[in-house]
Amino acid sequence: MRNQIVAGNWKMNKTHAETEKLLSELSAKLPNTHAEVMVAPTYVNLLGAVQELESSTIEVIAQNMHFAKNGAYTGEISADMLQDIGVETVIIGHSERRAYFGETDAILKKKVAAALENNMRIMFCFGEELEDRKSGNHFNIVENQLKEALFELEAESWQRIVLAYEPVWAIGTGETASPEQAQEMHAFIRETITKAYNETIANEVSILYGGSVKPGNAAEIFSKPDVDGGLIGGASLVAEDFVAIIRAI
Ligand code: 13P
């Protein structure tokens, strides 16, 4: 049975003190849940978060990493460095990395390979833009994003992959994909993986939905059979809201 996951992507938000405060609120309010709960603070707050959550079930994950082991890559962080401080999961391919930092499918493929080489777990993000959906091209775009970055992987590597479908038009816009749109795309993703690999892999990979998930819409989205949880941006920055979303699963 695949895992259900609720992850908070804090993006470029929260100072050190604010990070500590939010983590302690989350720890105190965390409900009993079968789902895995994860948070992704900024780089400078990762180590502090790992230390603060040492005895918690909340996992600290990274928002990004470089594909090289080390070297002359000013401003970057490697898989080794993340693992050295106890971070074992990394988000790769977020639409903001693709759009604002020029991360292409080829770069993402290298990042995926580097994370797997280090036995890390990957939360791989992808999703179509508004024009793609309007023109009915959203299934092709998503299939291509998966194919370019992931479909040359060995079957065993899929045990370390979590997928996060995040339609770009729903990120930070307040506009959510309807539960039916999310279910339709998630089912398509499983179908695509079945074709590329097999049904077992397709059924075992967790597929999260991301894009304006809030306490008010989480339960309905999570109730869909192919939606295994959420990758939450804005609402994960407020302890009560993130906790309410965790309760919804
Ligand atoms: P919002 O929940 O703020 O729309 O962000 C979603 C997201 O990009 C998570 O990675």
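Our structure is the block above this text.
Residues numbered from 1 in each chain as written. Predicted model: local features only at pLDDT ≥ 70, side-chain atom pairs only at ≥ 80, totals over all residues. Heavy atoms only, no water.

(A) Here's a closer look at the site of the ligand. Taken together, the residues surrounding the ligand are Asn9, Lys11, His94, Glu166, Ala170, Ile171, Gly172, Gly211, Ser212, Leu231, Gly233 and Gly234. A distance of 3.1 Å separates an oxygen atom of the ligand from a polar atom in the side chain of Asn9. Contact between the ligand and Lys11: an oxygen atom at 2.8 Å from a side-chain N or O atom of the residue. Taken by itself the ligand offers 310 Å² of open surface, and the protein chains cover 96% of this. Broken down by class, the residue content of the shell around the ligand amounts to three nonpolar, seven polar and two charged. (Near = heavy atom within 4 Å. Polar contact = N/O pair within 3.5 Å; in protein donor to acceptor, adjacent residues only side chain to side chain. Areas by Shrake-Rupley, 256 points an atom, 1.4 Å probe, with all protein chains shown as cover. Nonpolar A, V, L, I, M, F, W, Y, C, P; charged D, E, K, R; others polar.)

(B) Local environment of the pairing of strand E6 (residues 161-165). Counting buried positions along E6 yields five of five residues, so the element is predominantly enclosed. Bridge count between strand E5 (residues 121-126) and E6: five bridges; the pairing is parallel. Along E6, the bridge assignment pairs Ile122 with Ile161. When E6 meets strand E7 (residues 207-210), the two strands line up parallel, connected through three bridges. (Buried < 20%, exposed > 50% of the residue type's maximum accessible area, 1.4 Å probe, protein only. Helix = DSSP H or I, 4+ residues; strand = E, 2+ residues; numbered from the N terminus. Pairing = 2+ DSSP bridges.)

(C) Expanded view of the packing of aromatic side chains. Going through the model one piece at a time under the given rule, you end up with seven aromatic pairs. Aromatic ring contacts, followed pair by pair, group Phe124, Phe126, Tyr165 and Tyr209 into a single cluster. Here the basic side chain of Arg97 rests over the ring of Phe101, its NZ or CZ set 4.0 Å away from the ring centre. (Phe/Tyr/Trp six-rings, centres within 6.5 Å; stacked < 30°, edge-to-face > 60°. Lys NZ or Arg CZ within 6 Å of the ring centre and 35° of its normal.)

(D) Structural view of the layout of surface pockets. Taken as a whole, the largest pocket spans an internal volume of roughly 420 Å³. Among the elements that take part in the lining of the largest pocket, helix H4 (residues 95-100) stands out by supplying three residues, more than any other. Tallied by class, residues from the lining of the largest pocket come to six nonpolar, five polar and three charged. Its boundaries defined by the atoms lining it, the second largest pocket holds a volume of some 300 Å³. Contributing to the lining of the second largest pocket are 19 residues, with Trp158, Gln159, Ile161, Glu204 and Val205 lying nearest its centre. Elements with a contribution of two residues or more to the lining of the second largest pocket: E6 and helix H9 (199-204). Among the elements that take part in the lining of the second largest pocket, H9 stands out by supplying three residues, more than any other. Residue composition of the lining of the second largest pocket, grouped by class: eight nonpolar, five polar and six charged. (1 Å grid on protein atoms, 1.4 Å probe; cavity = no way out; pocket = protein on both sides within 12 Å on 5 of 7 lines; lining within 4 Å. Points joined across faces, edges and corners; volume = space filled by probe spheres on them.)

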